[in-house]
Amino acid sequence: MNTLRLEEPGKFEYINSEINQHLEPNEALLKVHRIGICGTDYHAFAGNQPFFSYPRVLGHELGVEVLKIGSEVDNVTVGDKCTVEPYQNKTQDQAVRNGFTNCGENISVFGVHEDGGMRDIIKLSAKYLHKSDKLSYDQLALVEPLAIGCHAVNRARITSNDFVLVVGAGPIGLATATFAKATGAKTVMMDINQKRLDFCKEVMNVDGTVIAGNDQTEANLRAQFDGDLPTVVLDATGNKHAMQKALEYSASAGRIVFVGLFQGDFSFNDPYFHKKELTIMGSRNALPSDFEQIIKMIEEGKVNTQPWITHRCNFNELTDNFETWLKPEAGVIKAVVSM
């Protein structure tokens, strides 16, 4: 089996590996057809991904085909095309028992905490598979990154009456804006990169854009909402400064959702927080229902996946392209690898 393994930061190696094709009753054997490259993969390559160990087979944004199923599997059958929900819980702890499978105490993310999908064949519990009779393997590989934004929007309980600001126009911010707009809410993007904001306006059809980090940022933000401030701010930057500014940008009684992860302590002025009666939430991973929602929305044409894939290559070319995709000038939104 052809496998690409990240041996250490900055060093990939193609190896031959084997997989035990014996299936437990609840398992499925899968052929990997597409692999989406995630920010987590880039961070692991650069050596700055937290809670990560080497060597590791990356790959958790997947479009797969069911090759074989265990005796008790009833949600998929041989030949089905599926996306993979990569958040595997090793214990039935309190969060998992209460339905929060996205943030269990002993969660293991496929392709991050354990070897993932950068190989020909994988084996998983079938409960982590979500099938579609209509979507392509490209589209199925996009479901997981879209799910991060979808879950954040669902956490915020956005309605068409909300004013929404999404901070950070990277892939997660774009996914978040996609589902915010789908609620009917007026949705504005903020970033420091004008080129990315132009993409948001021209291709993703957001309602407005604002450049961050200058003296006119708040005034320009208010102008987007006829003098008001957003009732929902979703930060997809993982930048401490941007996260702190979210409190200023939010309207009183607003909701703030931190989608991006900052590796450090986050603090804010408590009287200011109370004065506005703000709600601050974290958003991690996604739920099975988010995956099902996204598949249905793509199938019904409510989410357009066409603009997402900007770069692609074959599996045997990945090591030649990966480091180039890290460079901002490459303009990568989403890179996808064909097996």
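Enquirer: Got a sec to walk through helix α5 (residues 194-202)? Specific residues and values, please.
Expert: Those residues of α5 that fall on the buried side of the exposure criterion are Leu197, Phe199 and Cys200. The buried residues of α5 all sit within an arc of 155° when viewed along its axis, so they share a single face. Those residues of α5 that are exposed and aimed more than 90 degrees away from the buried face are Lys195 and Glu202. Taken together, the buried residues of α5 touch α4 (171-182), β11 (186-191) and β12 (208-211). Where α5 begins, the side chain of Asn193 points an oxygen toward the backbone nitrogen of Lys195, at a separation of 2.8 Å.

Enquirer: Help me get a handle on the pairing of strand β5 (residues 81-84), residues and values and all.
Expert: Put simply, side chains in a regular strand alternate between the two faces of the sheet. Relative to β5, strand β4 (residues 61-69) is paired through three bridges, and the arrangement is antiparallel. Across the sheet, residue Gly63 finds its bridge partner in β5, namely Thr83. For β5 and strand β9 (residues 129-131), the ladder comprises three bridges, and the chain directions are antiparallel. Residue pairing in the sheet places Thr83 in a bridge with His130 of β9.

Enquirer: So what's going on with the sheet that holds strand β14 (residues 255-258)? Residues and values would help.
Expert: Taken in spatial order, the six strands line up as β12-β11-β10-β13-β14-β15 in an open sheet, and their pairing is parallel. Either end of the sheet is taken by a strand with one partner, and the two such strands are β12 and β15 (279-282). The sheet shows a mean angle of 20° between the axes of neighbouring strands, taken without regard to direction. Across four bridges, the pairing between strand β10 (residues 163-167) and strand β13 (residues 232-235) is parallel. Note that in β13 the partner of Val167 across the bridge is Asp235.

Enquirer: Just give me the short version of the packing of aromatic side chains, but keep the residues and values in it.
Expert: For the structure on display, the rule yields eleven aromatic pairs. Geometrically, the ring pair formed by Tyr87 and Phe291 is edge-to-face, given 6.2 Å between the ring centres and 65° between the ring planes. Taken together, the residues span a long stretch of sequence, with Tyr87 in strand β6 (residues 87-89) and Phe291 in helix α9 (residues 288-299) at a distance of 204 residues. As far as burial versus exposure is concerned, Tyr87 and Phe291 are alike and both buried. An aromatic cluster is defined as three or more aromatic residues linked by ring pairs; in this entry it consists of Phe12, Tyr42, Phe45 and Phe322. Its guanidinium or amino end placed over the ring of Tyr137, Lys81 lies 4.8 Å from that ring's centre, counting from NZ or CZ.

Enquirer: Requested: an account of empty space enclosed by the protein, with residues and values cited.
Expert: Applying the stated rule across the entire model yields one cavity of 30 Å³ or more. Taken as a whole, the largest cavity holds about 30 Å³ of empty space. Around the largest cavity, the lining residues are Leu174, Ala177, Thr178, Lys181, Met204 and Val206. Considering only residue class, the lining of the largest cavity consists of four nonpolar, one polar and one charged.

Enquirer: Can you lay out helix α7 (residues 240-249) for me, pointing to particular residues and giving the numbers?
Expert: Residues of α7 that are buried: Ala242, Met243, Ala246, Leu247 and Tyr249. Its side-chain oxygen 3.0 Å from the backbone nitrogen of His241, Asn239 forms the N-cap of α7.

Enquirer: I'd like a description of the packing of helix α1 (residues 39-46) against helix α10 (residues 318-325), backed by residues and values.
Expert: At their nearest, the axes of α1 and α10 sit 11 Å apart, and the two run at 95° to each other. Our classification of the angle between α1 and α10 gives roughly perpendicular. Between α1 and α10, the contacting residues are Asp41, Tyr42 and Phe45 on the first element and Phe322, Glu323 and Trp325 on the second. Residues that form the contact of α1 with α10 fall into these classes: four nonpolar, no polar and two charged.

Enquirer: Outline the packing of helix α3 (residues 137-156) against α4, supporting the account with residue identities and numerical values.
Expert: Their axes nearest at 7 Å, the elements α3 and α4 cross at an angle of 55°. Between α3 and α4, the interaxial angle falls into the category oblique. For the crossing formed where α3 meets α4, the hand is right-handed. Across from Pro145, Leu146, Ile148, Gly149, Cys150 and Val153 in α3, the residues of α4 making contact are Ile172, Ala175, Thr176, Phe179 and Ala180. Taken together, the residues of the contact of α3 with α4 sort by class into nine nonpolar, two polar and no charged.

So, how was this worked out
Residues numbered from 1 in each chain as written. Predicted model: local features only at pLDDT ≥ 70, side-chain atom pairs only at ≥ 80, totals over all residues. Heavy atoms only, no water. Buried < 20%, exposed > 50% of the residue type's maximum accessible area, 1.4 Å probe, protein only. Helix = DSSP H or I, 4+ residues; strand = E, 2+ residues; numbered from the N terminus. Arc of directions from axis to C-beta. Contact = heavy atoms within 4.5 Å. Polar contact = N/O pair within 3.5 Å; in protein donor to acceptor, adjacent residues only side chain to side chain. Pairing = 2+ DSSP bridges. Axes fitted to C-alpha atoms, helices over the stretch in contact; angles between N-to-C directions. Phe/Tyr/Trp six-rings, centres within 6.5 Å; stacked < 30°, edge-to-face > 60°. Lys NZ or Arg CZ within 6 Å of the ring centre and 35° of its normal. 1 Å grid on protein atoms, 1.4 Å probe; cavity = no way out; pocket = protein on both sides within 12 Å on 5 of 7 lines; lining within 4 Å. Points joined across faces, edges and corners; volume = space filled by probe spheres on them. Nonpolar A, V, L, I, M, F, W, Y, C, P; charged D, E, K, R; others polar. Parallel < 35°, antiparallel > 145°, perpendicular 65-115°, else oblique. Left-handed = near helix turned anticlockwise from the far one by under 90°.

Worth remembering: the numbers are spatial, not functional.
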